[in-house]
There are 2 protein chains.
Amino acid sequence: MYRTHTCGELRLNNAGQKVTLAGWVQKIRKMGGMSFIDLRDRYGITQLVVDESASHDLNATAEKLGREYVIQATGVVAERTSKNSKIPTGDIEIKLSEINLLNASQTPPFTIEDETDGGEEIRAKYRYLDLRRGPLKKALELRHKMAQETRKYLDGIGFIEVETPVLIKSTPEGARDFVVPSRMNPGEFYALPQSPQTFKQLLMVAGYDKYFQIVRCFRDEDLRADRQPEFTQIDCEMSFVEREDVLNTFEGTIKALFKNVLGLEMNEQFPRISYADAMKYYGSDKPDIRFGMKIAEIKHLTGGKDFAVFDSAEYVGAICVEGAASYTRKQIDEITEWVKRPQVGAKGLVYIRLAEDGIKSSVDKFYSPEDLTAIANVVGAKNGDLILILAGDKKRTQDAMGTLRIEMGNRLGLRKSDHYAPLWVYDFPLLEWDEETQRFYAMHHPFTSPKPEDMDKFYSSNKEDIAQVCANAYDFVLNGTEIGGGSIRIHDSGVQKRMFEVLGFGSEEAEYKFGFIINAFKFGAPPHGGIAFGFDRFCALFGGQETIRDYIAFPKNNAGRDVMLDAPSVIDAAQMDELFLKSTVSK
Amino acid sequence: MYRTHTCGELRLNNAGQKVTLAGWVQKIRKMGGMSFIDLRDRYGITQLVVDESASHDLNATAEKLGREYVIQATGVVAERTSKNSKIPTGDIEIKLSEINLLNASQTPPFTIEDETDGGEEIRAKYRYLDLRRGPLKKALELRHKMAQETRKYLDGIGFIEVETPVLIKSTPEGARDFVVPSRMNPGEFYALPQSPQTFKQLLMVAGYDKYFQIVRCFRDEDLRADRQPEFTQIDCEMSFVEREDVLNTFEGTIKALFKNVLGLEMNEQFPRISYADAMKYYGSDKPDIRFGMKIAEIKHLTGGKDFAVFDSAEYVGAICVEGAASYTRKQIDEITEWVKRPQVGAKGLVYIRLAEDGIKSSVDKFYSPEDLTAIANVVGAKNGDLILILAGDKKRTQDAMGTLRIEMGNRLGLRKSDHYAPLWVYDFPLLEWDEETQRFYAMHHPFTSPKPEDMDKFYSSNKEDIAQVCANAYDFVLNGTEIGGGSIRIHDSGVQKRMFEVLGFGSEEAEYKFGFIINAFKFGAPPHGGIAFGFDRFCALFGGQETIRDYIAFPKNNAGRDVMLDAPSVIDAAQMDELFLKSTVSK
């Protein structure tokens with residue numbers, strides 16, 4: 001062992017002990033013939049001192065050191081004269097008698113400090129240096145803790161972790177699969193799993209009752225910001241359960257994580273809201289309920305006043321922005337421009353201001369103070385508040401209201417990263433009609449069960465009826481981010497067959513793609529359901545961050561490249577030949 | 001929830017309670033108007049009774065049930081008249097008042113019993129049914145426990161689990177990589193990791209100090225029996241350590257697993273043996289030391305007696321088979337044929353028998369009883385024992401002796417699966433010369449450090465010197481199976497450069513393949529080392545089995561196929577086009 005202690009553990013009560021530390025040189029200062037070295041390892045920083053009385057050799061070695069050199073240093077723990085209360089070892093320093101240079105270092109391309117001067121690209125290339133910085137180390141330690149606590153909790157309530165295969169079969173439904181050519185089966189390919197969905201259902205058929213896995217998944221999508229081609233899920237499934245059982249089980253899991261990872265006791269039941277209400281009140285299927293600012297439908301209060309914009313609109317919605325009556329005309333104009341951006345897509349913005357000098361709006365021509373007050377009452381506005389109103393067709397305007405609500409939450413500082421507002425959303429639509437291909441797509445996946453009470457509609461020959469069927473599905477939302485999603489699954493082979501029919505699969509196609517699971521359901525499938533959590537994002541939110549990249553040790557960039565490895569890369573022609581493949585592009 | 005209790009938990013003290021169970025019908029018996037149903041779930045089996053007094057409906061439902069039907073059953077717990085001491089619930093039964101048929105089942109293609117009538121192929125195809133059987137369920141439960149305990153122990157001593165990427169860069173050195181075409185980077189490929197070796201070393205460079213991961217790895221090899229294209233490793237790495245630190249840390253881990261998973265206290269230090277001694281005494285680099293039967297070199301006792309076979313042999317080795325003097329001539333002939341098989345490759349077998357009536361051998365023509373007694377003394381043979389002797393060139397004959405030793409251990413029943421004999425083997429050769437390609441290959445991988453004392457030889461310009469360099473590497477062997485292997489790594493970029501040179505990589509080639517790690521070593525790499533355990537085989541050995549397939553939920557067959565999924569499979573032409581690929585075989 002190269003050390004007797006780590007750089008994070010020595011205290012005043014170690015004074016007088018002879019110790020050996022090993023680590024990286026964070027910083028060197030010279031003062032009056034003495035050298036002060038901050039030595040860093042995973043556990044902390046300890047100050048080393050080479051004083052004037054030290055040997056010539058020791059001084060010469062200290063002279064040679066630079067940032068990020070790796071050394072082993074031996075000396076005696078002593079009380080510091082000027083203590084540093086910012087670090088746990090700040091009361092002591094080590095009076096060195098020996099330095100053993102273990103490895104030199106070139107000057108790193110950016111500073112290894114909590115706040116670094118390195119840009120994103122250079123830090124990605126030298127990821128192993130970026131990972132030395134405190135914030136990234138904390139992020140990965142948090143991730144480790146999250147995984148450990150998840151496993152401990154689920155193991156404690158009888159879940160069994162089962163590893164499912166990574167080399168599976170391609171079933172091109174939903175997102176694109178990554179594929180892996182098989183050398184031993186020429187012309188054939190494995191696929192990498194987008195999730196272990198079918199495997200966990202097979203494990204339920206096999207009687208494993210309570211399954212989980214923290215598992216890598218893969219999706220060959222065009223990457224948006226903060227999406228990764230490989231990502232990690234906490235994947236779970238249970239047998240003989242109904243929705244309430246699943247929600248209660250994982251609410252318990254999440255509360256245990258809050259408590260054991262963040263020290264937060266969450267004693268109340270998490271709020272629950274239907275998809276329909278989430279859209280109605282928050283204009284989003286993943287409401288951020290850290291703040292109120294609920295959306296009110298006010299169409300009924302706007303008619304008969306000859307205001308064509310509202311009269312012709314299918315939907316008129318309003319939010320009350322507390323205390324924002326003081327917004328200047330310029331600020332409101334800026335918000336108006338903001339809602340008109342294509343990403344929001346509103347045609348314009350109407351406001352009502354409840355100021356000291358009375359109620360005023362941008363539509364005073366059409367609406368009397370009494371009309372405006374009626375609206376203010378509905379949205380719960382009081383003196384000093386600002387009401388913002390959008391109008392248009394229902395779906396798009398609800399979305400726009402939701403986006404505006406979040407924006408106003410941001411502007412008012414209502415979305416604090418250390419405030420956690422969990423929420424369950426349930427009763428999602430089962431299917432989505434696609435005009436282009438003229439067929440239904442599963443909102444979730446083809447194994448999601450319709451709600452029992454909608455079963456008649458599900459078997460209807462009428463497209464409109466089918467479109468209205470609710471799924472027995474649920475999402476877990478934290479601070480406006482969807483962290484988990486799941487459902488009660490179909491366990492009846494007849495219902496599953498109907499689902500494939502509704503999705504427009506011929507029975508041959510269904511058999512080819514999902515034959516193994518259709519077959520499995522013929523041999524006694526239990527009622528079952530489950531959920532999967534996006535682990536990367538879960539960790540990021542627990543760490544108070546919105547981006548996941550710092551919570552992944554070796555992430556890829558937006559083009560799906562690992563810039564440190566320089567992967568993907570061209571492979572040998574011989575390797576291509578072995579795989580019976582030819583590339584149609586030349587590199 | 002579909003149940004109040006599981007099928008494994010009701011006892012006599014529950015008598016009188018009304019309960020609801022859910023599970024699979026294991027068996028139905030009718031006796032005198034009563035139906036007895038064995039209901040099975042993951043937790044056990046409980047007997048249900050429908051007696052004559054039950055309603056017509058209930059009787060009719062019971063009548064319909066068949067093997068593997070899924071039911072929910074409600075009734076009152078009652079003491080059994082004829083108890084079954086073989087199962088924990090054997091004192092009670094449930095007098096049913098209600099059966100709710102949750103799902104029917106076709107007759108399964110094989111019996112769902114501990115001993116099944118199904119062949120390997122059919123059980124693989126219906127893996128979800130095979131997984132219902134007790135032995136497989138126990139195997140996966142053991143695996144879960146092993147993983148949990150490994151994590152708990154390593155977390156407890158400060159290791160951090162870090163997930164490393166699955167989509168990495170192809171570095172065609174060693175075994176073949178599986179590759180993944182990148183759609184977003186046309187003509188380029190990711191590779192799947194054969195191990196996270198370089199990543200864990202980068203994590204050490206990044207200062208993570210103690211890393212582990214239970215991680216999937218991939219190797220596109222021609223499959224031998226009991227090899228899987230994807231397999232799981234317990235992968236570990238530590239900084240600022242020497243060999244002893246690594247061995248002690250993981251000896252602690254293994255002992256914790258023995259204790260917490262199998263209830264076995266291992267208080268002694270695990271034996272350690274050098275590679276050279278392992279070959280000398282056991283003819284194997286992974287000795288099974290559950291039994292003695294050490295190999296003795298006896299060349300020096302055989303000369304000058306005109307026995308040409310021994311005189312011309314580079315090496316003569318002997319083992320003493322205890323109590324086997326009673327073997328018949330026919331038995332010995334059979335062993336002689338056995339050692340002549342190409343898999344063993346000996347030219348013949350000489351024996352010495354220490355029977356009641358004196359010492360006899362198959363070479364009495366050449367050796368006197370005194371000569372034979374001298375040999376008997378060296379191998380430690382006593383009256384009643386049989387000595388078996390092979391001769392030939394050293395390397396091959398040692399191997400053959402090792403194989404013969406294991407065979408005799410099997411024949412004598414000395415290799416009990418519930419007896420555990422752990423062993424560390426160290427000081428492996430660093431390099432292997434390949435005559436065909438006229439170059440050295442790394443025995444382990446190119447990051448393994450030479451032993452410090454062999455550094456001069458490592459830099460020698462003489463091939464013979466280099467061939468003699470020992471690696472600072474070690475294996476963990478359990479019952480004759482290599483379960484883990486690791487080494488102290490190179491952390492000096494100069495030594496690493498020399499290694500690439502010795503392996504015959506041009507500096508450009510080394511840069512292309514391993515540039516990122518060569519670079520990383522320039523920025524302060526700490527001394528480090530680690531180990532990786534083959535988790536599938538570790539679990540199998542803990543379960544007392546030699547084959548790993550039962551310890552993997554969804555394994556592949558020897559052709560690398562998942563016969564349940566029917567994967568790999570052909571993919572759409574459109575998918576091929578998107579990947580800029582053409583297959584050179586038609587399917």
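Residues numbered from 1 in each chain as written. Chains lettered and ligands numbered in written order. Predicted model: local features only at pLDDT ≥ 70, side-chain atom pairs only at ≥ 80, totals over all residues. Heavy atoms only, no water.

A.B. asks: Would you mind going over the domain arrangement of chain A with me for this structure?
C.D. replies: Where interface size is quoted, it is often the accessible area lost as the parts come together. Splitting chain A by domain gives domain 1 (12-103), domain 2 (291-411) and domain 3 (422-526). Measuring from the centre of the C-alpha atoms in domain 1 of chain A to the corresponding centre in domain 2 of chain A gives 63 Å. (Domains from an automatic or database assignment.)

A.B. asks: Just to check I follow, could you spell out the confidence of the model for chain A for this structure?
C.D. replies: Detailed reading of the predicted coordinates is not advisable wherever pLDDT falls low. In this model, chain A carries a mean pLDDT of 95, and residues with pLDDT of at least 70 account for 99%. Our summary of model confidence lists the complex with pTM equal to 0.95 and ipTM equal to 0.95. (pLDDT = per-residue confidence, 0-100.)

A.B. asks: Whenever I open this one, the pattern of salt bridges confuses me. Can you help?
C.D. replies: Scanning the entire structure with this criterion turns up 102 salt bridges over all chains. A salt bridge links aspartate 288 of chain B to arginine 415 of chain B, with the nearest nitrogen and oxygen atoms 2.6 Å apart. With aspartate 288 of chain B in the loop between α7 (275-282) and β12 (296-297) and arginine 415 of chain B in the loop between α11 (394-411) and β17 (422-426), this pair connects stretches of sequence that are 127 residues apart. You can call aspartate 288 of chain B buried: its relative accessible area is 0%. Through salt bridges with shared partners, one network takes in Arg243, Glu244, Glu251, Lys255, Arg272, Asp427, Lys451 and Glu453 of chain A. (Salt bridge = Lys/Arg side-chain N within 4 Å of Asp/Glu carboxyl O. Helix = DSSP H or I, 4+ residues; strand = E, 2+ residues; numbered from the N terminus. Buried < 20%, exposed > 50% of the residue type's maximum accessible area, 1.4 Å probe, protein only.)

A.B. asks: How should I be thinking about the relation of the copies chain B and chain A in this particular structure?
C.D. replies: Superposition of the two copies of the chain requires a rotation about an axis and a shift along the axis. For these two chains of identical sequence, chain B goes onto chain A by a turn of 180° and a shift of 0.0 Å along the axis, with RMSD 0.1 Å. In symmetry terms, the pair is related by a two-fold rotation axis. Residue by residue, 100% of the interface of chain B is reproduced at the interface of chain A, so both copies engage with the same surface. (Least-squares fit on C-alpha atoms with pLDDT ≥ 70 in both. Contact = heavy atoms within 4.5 Å.)

A.B. asks: What's the story with empty space enclosed by the protein in this structure? I'm lost.
C.D. replies: It is the rolling of a water-molecule-sized probe over the atoms that shows where space remains empty. Per the counting criterion, the structure on display carries 7 cavities of 30 Å³ or more. Put simply, the largest cavity is a space of about 460 Å³. Along its surface, the largest cavity is lined by 28 residues, and Arg151 and Ile214 of chain A together with Arg151, Ile214 and Val215 of chain B are the ones closest to its centre. Secondary-structure elements contributing two or more residues to the lining of the largest cavity are α4 (134-156) and β9 (210-218) of chain A together with α4 (134-156) and β9 (210-218) of chain B. Top element by residues in the lining of the largest cavity is α4 of chain A. It accounts for 5 residues. Looking at the lining of the largest cavity residue by residue, the class counts come to 12 nonpolar, 6 polar and 10 charged. Considered as a void within the structure, the second largest cavity measures approximately 150 Å³ in volume. If you go around the second largest cavity, you meet 17 residues; those closest to its centre are Glu163 of chain A together with Arg216, Glu230, Thr232 and Ile552 of chain B. The set of elements that each furnish at least two residues to the lining of the second largest cavity consists of α4 and β10 (230-239) of chain B. (1 Å grid on protein atoms, 1.4 Å probe; cavity = no way out; pocket = protein on both sides within 12 Å on 5 of 7 lines; lining within 4 Å. Points joined across faces, edges and corners; volume = space filled by probe spheres on them. Nonpolar A, V, L, I, M, F, W, Y, C, P; charged D, E, K, R; others polar.)

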